[in-house]
Amino acid sequence: HGRSFWIFDDLPLLYQMADSVSKADMHLFQPKDAYRVTTAGGFRGARATIGANPASGASIYFSLKDKPQGEVTLEFLDSAGKSVRKFSSKVAEGRDRQAGPVSAEEETFRPRGAGSTSVPTEPGLNKFVWDLRYPDATSFPGMVLWAGSVRGPMTVPGKYTVKLTANGKTEAQTFEILKDPRIKTTPQEFLSQLELELQIRDKLSKTNQAVIDIRDIRKQVDDLAARLKNTVVIERAKALSKELTAIEEALYQTKNKAREDPLNFPIRLNNKMAALLAAVEASDDAPTSQEQMVYEDLSTGINAQLKQLDQVISKDLPAFNKIVRDQDIPAVSVKAPAGTL
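First things first, this report covers the structure right here in the doc. (Residues numbered from 1 in each chain as written. Predicted model: local features only at pLDDT ≥ 70, side-chain atom pairs only at ≥ 80, totals over all residues. Heavy atoms only, no water.)

Re the overall build of the protein
(1) Moving on: When you go through the protein residue by residue, the secondary structure sums to seven helices and eight strands.
(2) Moving on: Per-residue burial for the protein yields a buried fraction of 40% across its 341 residues.
(3) Moving on: Restricting to contacts in the protein with at least 6 residues of sequence separation, those with at least 24 account for 72%.
(4) Moving on: As presented, the protein carries roughly 19300 Å² of accessible surface, and 54% of it is formed by carbon and sulfur atoms. (Helix = DSSP H or I, 4+ residues; strand = E, 2+ residues; numbered from the N terminus. Buried < 20%, exposed > 50% of the residue type's maximum accessible area, 1.4 Å probe, protein only. Contact = heavy atoms within 4.5 Å. Areas by Shrake-Rupley, 256 points an atom, 1.4 Å probe, with all protein chains shown as cover.)

Below is the structure:
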């Protein structure tokens, strides 16, 4: 246990300390270079005889003289100056804003020290760990996935810039994301992998957003039908709800309620796409031709369902709304109180 006494992971931070730093309203320290690794190894959990391993990702340190009055943001940009991800102190981005549960795969491989995506704003020294990933795919409440998740792709090795903005002022520092020195993956192979991963993530987002839209529309239709006694509207509402449900069930396994339910019920298109994303990022290699073919096949299936949903929204839904208008149904109805003659 004595070895932990000699381990000081962020010792270089002390070399940047100066009187000017302590007097400044804010200061963004030069980050250490970070290694791109696919998993976080070492011990888990806090026990008296086990020390904490370094955080997996880029550790960003900054100091604030006083607690800022407004929003504080940290934005990460690639070598071309394109924003990769932005985090805020006010609105937790990425995983923190998702209502869906964390999958078993995400829990197992969650980067150490990267549990929150909200930027700290305490007076004094603050630390934020970026897990080196792009924003997650869209999620929805209660979603259960098997062998996949909505976790965003990992960035490629290269030079990056982090920008700290607080109280109307911005400071920037550069650092590098380094590849695992044991692998021989080329920059082009990394970019090829990232390109497919972003395509998969975006298609997964569209799929999950479609489920969100379907549930919102169906709830409005069902609620309207439930409070009316108009037979024409009720029958058309049932038909429209049935159309929406068929599309939803093709995109997502709606019978899934618990983590291991996919063992009993076949996974649907969004789960297959999420599992493909996990397969593509399982190693630091360019995607295989088979993975490209699976993506195209799944995209074709998803596009067919999205096209059908678009038709329901653009044609069937307006037709339903017209029926409601033609029936001259009041927007607000009042039921007679009990006992009224």
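Details of the packing of aromatic side chains
(1) Moving on: Considering all chains together, one arrives at seven aromatic pairs under this definition.
(2) Moving on: Ring geometry for Phe76 against Phe175: centres 6.4 Å apart, planes inclined by 90°, an arrangement best described as edge-to-face. Of this pair, Phe76 sits in strand E4 (residues 73-77) while Phe175 sits in strand E8 (residues 169-179), and the two are 99 residues apart along the sequence. Accessibility assignment for this pair places Phe76 and Phe175 in one class, buried. (Phe/Tyr/Trp six-rings, centres within 6.5 Å; stacked < 30°, edge-to-face > 60°.)

Overview of a nonpolar patch on the surface
(1) Moving on: A surface patch of nonpolar side chains, about 630 Å² in accessible area, is lined by Phe8, Leu11, Leu14, Tyr15, Met17 and Leu125.
(2) Moving on: Among the secondary structure elements, Met17 is positioned in the loop between helix H1 (12-15) and helix H2 (19-23).
(3) Moving on: Classification of Met17 as partly exposed rests on a relative accessible area of 40%. (Patch = residues over 30% accessible without salt bridge, like charges linked within 9 Å, V, L, I, M, F, W, Y side chains within 5 Å. Salt bridge = Lys/Arg side-chain N within 4 Å of Asp/Glu carboxyl O.)

Considerations on the environment of Ala147
(1) Moving on: Position of Ala147 among the secondary structure elements: in the loop between strand E6 (124-130) and strand E7 (158-166).
(2) Moving on: A sequence separation of 115 residues divides Ala147 from Pro262, and the C-alpha atoms of the two residues are 9.8 Å apart.

Looking at the environment of Thr170
(1) Moving on: Position of Thr170 relative to the elements: it lies in strand E8.
(2) Moving on: Taking relative accessible area as the criterion, Thr170 reaches 48% and is therefore assigned partly exposed.
(3) Moving on: Residues contacting Thr170, with those up to four places away along its chain left out, are Met26, Lys163, Leu164 and Thr165.
(4) Moving on: A distance of 3.0 Å separates polar atoms of two side chains, one belonging to Thr170 and the other to Thr165. (Polar contact = N/O pair within 3.5 Å; in protein donor to acceptor, adjacent residues only side chain to side chain.)

So, the sheet that holds E8
(1) Moving on: In spatial order, the strands read E2-E8-E7-E4-E5; together these five strands make up an open sheet with mixed pairing. Looking at strand neighbours, the two that pair on one side only are strand E2 (34-36) and strand E5 (83-88), the edges of this open sheet. Averaged over all adjacent pairs, the angle separating strand axes in this sheet is 25°, with direction ignored.
(2) Moving on: Pairing analysis gives nine bridges linking E7 to E8, with the strands arranged antiparallel. Following the sheet pairing, Val162 is matched in E8 by Gln173. (Pairing = 2+ DSSP bridges. Axes fitted to C-alpha atoms, helices over the stretch in contact; angles between N-to-C directions.)

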